[in-house]
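What follows is the residue order along each chain.
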Amino acid sequence: MAGLEELTAWVDEVAALTKPDRIEWIDGSRAQHDRMLRQMVTEGKLIKLNPEWRPGSYLARSHPSDVARTESRTFIASQREEDAGPTNNWADPTEMRATLNGVFDGSMRGRTMYVVPFSMGPVTGPFSRYGIQLTDSAYAVVSIDTMTRVGSAVVERIAEGAPWVRTVHSVGAPLQPGQQDVSWPCNEEKYIVHYPETREVWSYGSGYGGNAILAKKSFALRIASVLARDEGWLAEHMLLIRVISPEGKAYHVAAAFPSACGKTNLAMLRPTIPGWRVETLGDDITWIRPDADGRMWALNPEAGFFGVAPGTGESTNVAAVETLWGNTIFTNVALRPDGDVWWEGLTDTPPANLIDWQGNPWTPASGRPAAHPNSRFTVAASQCPQIAEDWEAPEGVPLDAILFGGRRATNVPLVVESTSWTHGVFLGSTISSERTAAAEGTVGELRRDPFAMLPFCGYNMADYFGHWVRVGQGLRYGAAPRIFQVNWFRRGADGRYLWPGFGDNSRVIEWIIRRIEGSAPAAETPLGRVPRVDDLNLEGLDVPAEDLAELFAVDPASWLEEAALTEAFYDTFGTKVPAALRAELEALRYRLRAVAS
Ligand code: GTP
Ligand code: SPV
Ligand code: MN
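These remarks concern the structure in this document. (Residues numbered from 1 in each chain as written. Chains lettered and ligands numbered in written order. Predicted model: local features only at pLDDT ≥ 70, side-chain atom pairs only at ≥ 80, totals over all residues. Heavy atoms only, no water.)

### A few points about the overall build of the protein
Move 1: When helices and strands are tallied, the protein shows 16 helices and 32 strands.
Move 2: Radius of gyration (C-alpha) of the protein: 24 Å, near the 25 Å computed for a compact globule of 597 residues.
Move 3: Evaluated residue by residue, the protein yields a buried proportion of 61% over its 597 residues.
Move 4: Contacts in the protein between residues at least 24 apart in sequence constitute 73% of all its contacts with a sequence separation of at least 6.
Move 5: Of the roughly 22,200 Å² of accessible surface on the protein, 51% is carried by carbon and sulfur atoms.
Move 6: Each charge class in the protein was averaged separately, 56 positive and 74 negative side chains, and the resulting centres sit 1 Å apart. (Helix = DSSP H or I, 4+ residues; strand = E, 2+ residues; numbered from the N terminus. Rg over C-alpha atoms; globule rule 2.2 N^0.38 Å. Buried < 20%, exposed > 50% of the residue type's maximum accessible area, 1.4 Å probe, protein only. Contact = heavy atoms within 4.5 Å. Areas by Shrake-Rupley, 256 points an atom, 1.4 Å probe, with all protein chains shown as cover. Lys, Arg positive; Asp, Glu negative; His and termini not counted. Charge placed at Lys NZ, Arg CZ, Asp CG, Glu CD.)

What follows is the structure, given as structure tokens:
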């Protein structure tokens, strides 16, 4: 069947199951986007913000139960359970299809089913990928419109025969004739299901971000990681920046940190050290491919930012604050009496009176956050004042360094350089991080989050480790990106952060670039290479010497315990973990015992 017939047949088939009242194709035009926003205001689904402060901007308040990704309801429905692996929820695809045919039956009654054609990467780019999302959520439509390239040009490519991924989304809240809609329809029962073999996504019951904007985590990471495995590239939960040194040399750095662990902030870094500049290329997802020359190229497949609001302020991320001047959809932040928005950390002193994220009056004495800890902004990347001029270059940028990080109060030094690609892959595979509010679960609890991909890898994580090892073997000698581990979140005994973070992270970036250039020295530790305190540019920084020492302290006893936990983690994959990574673990233990004795 030709592309277009296949597409319309599938739209008809899903409509026959979900039974919407109407079907509307999204063409990506400004007029249609604005019409949808106006209609959502009329229906009480969005609050229009005061255009004097925040032109073209809106506030959405979610149902209080639908505020983050639901990892326990996210499934990989591969033919074999082994292909989902122990870190994913596996479901039998035949059984899951039967279940979903039940829950989706009539799930769009009384609503419009929107047909949203989207491209990840510039529409005509050689590495771009297409998808269609069918959804009964207008909030999802306007979000996808900002986060991806939406429109008829994608349908033209599909008509020409380009491959595309099928994604279906329903909030699971059909309306009876005459029934009044609610401001945030959703369902207590949720399913976010991925079929890696047929490259399909079916999401039910949630209107929230990563559960509903299926182009993002579901397609560009979970399905794309499977495509990448099969085709020899990498689909990663990484920001992407260009760092320009005082000498005017440009370097490209990608960094994988778990959800709500600092990607958007590093993506919009404003260096506090003179002469250094950062340009933003992406803040959440990076697709990386080796070229015929054995060099890696990196591309941000998205077109917008779906960023964490709390903690985003003039003193932490001024570029983000500037990005949000207008044309932004805010979700679950607080509303000011003057019709603007507020969240914890936007200003040091909270306004005297607010309406909190649930719509209740709030004062600083209320004793609860005004904005939800996972409240977010949705905004076009082009609004970022430091977006790279060539951020839409279809081939991407050549990659010089990869950073892995997590939120670790103890043990993990500020920065460690790996000694080889395989050692770097080992570092990525051992990342653990304290849980944040970006997903359901207990905030602060330490968990393994290898490569920051735990919730986003569409296949067996141990096979993914092996894929990383193999991709490195195909790179030209000396052309592989250098791999580093960073941790901005180490705390002193009194609980305060030892490192100022944010703009001062440029000091760590400087050392990384100087290492690539071969001009900065390093000290060997059992974990890898670290700067001696004198090797870091600390000019103008007021961090006590004891804190600096503690930031780089390596305690062999607690690291031997970490190594034991890493072995236990590896063992959950049975025999699948690559021998090269097991060897790295043994070598680490050997080095730790040598310094411990
Ligand atoms: P996702 O969008 O969920 O993938 O999150 P992200 O990785 O983009 O995290 P983001 O940059 O939004 O940061 C999350 C939280 O961490 C915010 O509250 C930030 O203020 C805080 N944060 C970011 N960078 C730093 C840092 O260098 N130091 C400290 N202490 N906090 C930071
Ligand atoms: C994350 O949780 O890593 C996010 C937000 O970037 S969401 O799109 O909801 O997954
Ligand atoms: Mn993310």
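Once the structure has been displayed, the description carries forward.
### Observations regarding the coordination of the manganese ion (ligand 3)
Move 1: Taken together, the protein donors to the manganese ion (ligand 3) comprise Lys217 (NZ), His237 (NE2) and Asp284 (OD), at separations of 2.1 to 2.5 Å.
Move 2: In this structure, the manganese ion (ligand 3) is surrounded by 6 donor atoms whose angles at the metal cover 64 to 172°, and the resulting shape is irregular.
Move 3: Positions of the donor residues of the manganese ion (ligand 3) along the chain correspond to the pattern K-x19-H-x46-D. Of this pair, His237 sits in the loop between strand 12 (234–236) and strand 13 (238–244) while Asp284 sits in the loop between strand 15 (277–282) and strand 16 (286–290), placing them 47 residues apart in sequence. In this structure, His237 and Asp284 share a single accessibility class: buried. (Donors = N, O, S within 2.8 Å, 3.2 Å for Na, K, Ca; no water. Tetrahedral: all angles 85-135°; square planar, octahedral: opposite > 155°, others 65-115°.)

### Brief notes about the environment of Glu231
Move 1: Topologically, Glu231 is positioned in helix 8 (residues 215–231).
Move 2: Distance from Glu231 to Pro556, taken between C-alpha atoms, is 40 Å for residues 325 residues apart in sequence.
Move 3: One polar contact links Glu231 to Trp233, side chain to side chain, over a distance of 2.9 Å. (Polar contact = N/O pair within 3.5 Å; in protein donor to acceptor, adjacent residues only side chain to side chain.)

### Side note on the site of ligand 1
Move 1: Taken together, 22 residues lie near ligand 1, and Ala260, Lys263, Thr264, Asn265 and Arg376 sit nearest.
Move 2: The separation between an oxygen atom of ligand 1 and a polar side-chain atom of Arg376 is 2.7 Å.
Move 3: Alone, ligand 1 offers 660 Å² of accessible surface; in the complex the protein occludes 92% of this.
Move 4: At the level of secondary structure, the elements contributing two or more residues to the shell around ligand 1 comprise helix 9 (263–267) and strand 18 (304–308).
Move 5: Counting residues per element, the shell around ligand 1 draws most heavily on helix 9, at 3 residues.
Move 6: Residue classes in the shell around ligand 1 are distributed as 10 nonpolar, 8 polar and 4 charged.
Move 7: Lining the shell around ligand 1 are residues from two domains, each supplying at least three of them: domain 2 (236–302 + 393–596) and domain 3 (304–383). (Near = heavy atom within 4 Å. Nonpolar A, V, L, I, M, F, W, Y, C, P; charged D, E, K, R; others polar. Domains from an automatic or database assignment.)

### Examining the site of ligand 2
Move 1: Around ligand 2, a shell composed of Arg69, Gly209, Gly210, Lys216, Lys217, His237, Ser259, Asp284, Phe306, Arg376, Ala438 and Phe456 is seen.
Move 2: One of the side-chain nitrogen or oxygen atoms of Arg69 is found 2.9 Å away from an oxygen atom of ligand 2.
Move 3: In the environment of ligand 2, an oxygen atom lies 2.5 Å from a nitrogen or oxygen atom belonging to the side chain of Lys217.
Move 4: Compared with its free state, where it exposes 290 Å², ligand 2 has 98% of that area covered by protein.
Move 5: When contributions to the shell around ligand 2 are tallied by element, the ones reaching two or more residues are helix 7 (209–212) and helix 8.
Move 6: In terms of residue class, the shell around ligand 2 is made up of 3 nonpolar, 4 polar and 5 charged.
Move 7: No fewer than three residues from each of domain 1 (2–43 + 70–231) and domain 2 (236–302 + 393–596) sit in the shell around ligand 2.

### So, helix 11 (residues 421–429)
Move 1: With 8 of its 9 residues buried, helix 11 lies for the most part within the structure.
Move 2: Those residues of helix 11 that fall on the buried side of the exposure criterion are Trp421, His423, Gly424, Val425, Phe426, Leu427, Gly428 and Ser429.

### Examining unusual backbone geometry
Move 1: The backbone phi angle of Ala260 is positive, close to 60°, even though this residue is not glycine.
Move 2: Tracing the backbone through its elements, the reader meets Ala260 in the loop between strand 14 (250–256) and helix 9.
Move 3: If you check the backbone angles, Ala452 has positive phi at about 55° while not being a glycine.
Move 4: Within the secondary structure layout, Ala452 lies in the loop between strand 29 (446–448) and helix 12 (461–473).

### Thoughts on the nonpolar core
Move 1: Counting residues in each nonpolar core, the largest one holds 153 residues, and the members touching the most others are Leu403 and Trp468.
Move 2: In terms of residue count, the dominant contributor to this core is helix 8 (9 residues).
Move 3: In this view, Trp468 contacts Leu234, Glu236, Met238, Ile402, Phe404, Trp421, Val425 and Phe451; residues no more than four positions away in its chain are not counted.
Move 4: Within the second largest apolar cluster, 31 residues are counted, among which are Leu17, Leu100, Val115 and Tyr204. (Core = buried A, V, L, I, M, F, W, Y, C linked by side-chain atoms within 4.5 Å.)

### As for the packing of helix 2 (residues 30–42) against helix 5 (residues 138–147)
Move 1: Between helix 2 and helix 5, the least distance of the axes is 10 Å, while the angle of their chain directions is 145°. As helix 2 packs across helix 5, the resulting crossing turns out to be left-handed. Residues His33, Met36, Leu37 and Met40 of helix 2 pack against Ala138, Tyr139, Val141, Val142, Asp145 and Thr146 of helix 5.
Move 2: Split by residue class, the contact of helix 2 with helix 5 holds 7 nonpolar, 2 polar and 1 charged. (Axes fitted to C-alpha atoms, helices over the stretch in contact; angles between N-to-C directions. Left-handed = near helix turned anticlockwise from the far one by under 90°.)

### Points about the packing of aromatic side chains
Move 1: Inspection of the entire model under this criterion finds 24 aromatic pairs.
Move 2: Their ring planes at 35° and their centres at 6.2 Å tell us that Phe75 and Tyr191 sit as a pair that is tilted. Taken together, the residues Phe75 in strand 4 (residues 74–76) and Tyr191 in strand 10 (residues 191–195) connect sequence positions 116 residues apart. Considered together, Phe75 and Tyr191 belong to a single accessibility category, that of buried residues.
Move 3: Taken together, the aromatic side chains of Phe404, Trp421, Phe451, Tyr459, Tyr464, Phe465, Trp468, Phe569, Tyr570 and Phe573 make up a single cluster linked through ring pairs.
Move 4: Above the face of the Tyr195 ring, Arg97 is positioned so that its terminal group lies 4.0 Å from the ring centre.
Move 5: Over the aromatic face of Trp233 sits the side chain of Arg289, whose NZ or CZ is 4.3 Å from the ring centroid. (Phe/Tyr/Trp six-rings, centres within 6.5 Å; stacked < 30°, edge-to-face > 60°. Lys NZ or Arg CZ within 6 Å of the ring centre and 35° of its normal.)

### A word on the sheet that holds strand 18
Move 1: Judged by pairing direction, the sheet is mixed, and its 5 strands sit side by side in the order 2-3-19-24-18 without closing on themselves. Looking at strand neighbours, the two that pair on one side only are strand 2 (47–48) and strand 18, the edges of this open sheet.
Move 2: The sheet contact formed by strand 18 and strand 24 (residues 376–380) spans 5 bridges and is antiparallel. Pairing of Gly307 across the sheet is with Phe377, part of strand 24. (Pairing = 2+ DSSP bridges.)

### A look at the pattern of salt bridges
Oppositely charged side chains are able to pair whenever their charged atoms sit close together.
Move 1: One pass over the full model with this rule turns up 45 salt bridges.
Move 2: Its salt-bridge partner being Arg447, residue Glu71 comes within 2.9 Å of it at the nearest N-O pair. Taken together, the residues span a long stretch of sequence, with Glu71 in the loop between strand 3 (58–60) and strand 4 and Arg447 in strand 29 at a distance of 376 residues. Comparing Glu71 with Arg447 shows no difference in burial state: the two are buried.
Move 3: As a salt-bridge pair, Glu302 and Lys216 come within 2.9 Å of each other at their nearest N and O atoms. Residue Glu302 is located in the loop between strand 17 (296–299) and strand 18, and its partner Lys216 is located in helix 8; the two are separated by 86 residues in the primary sequence. (Salt bridge = Lys/Arg side-chain N within 4 Å of Asp/Glu carboxyl O.)

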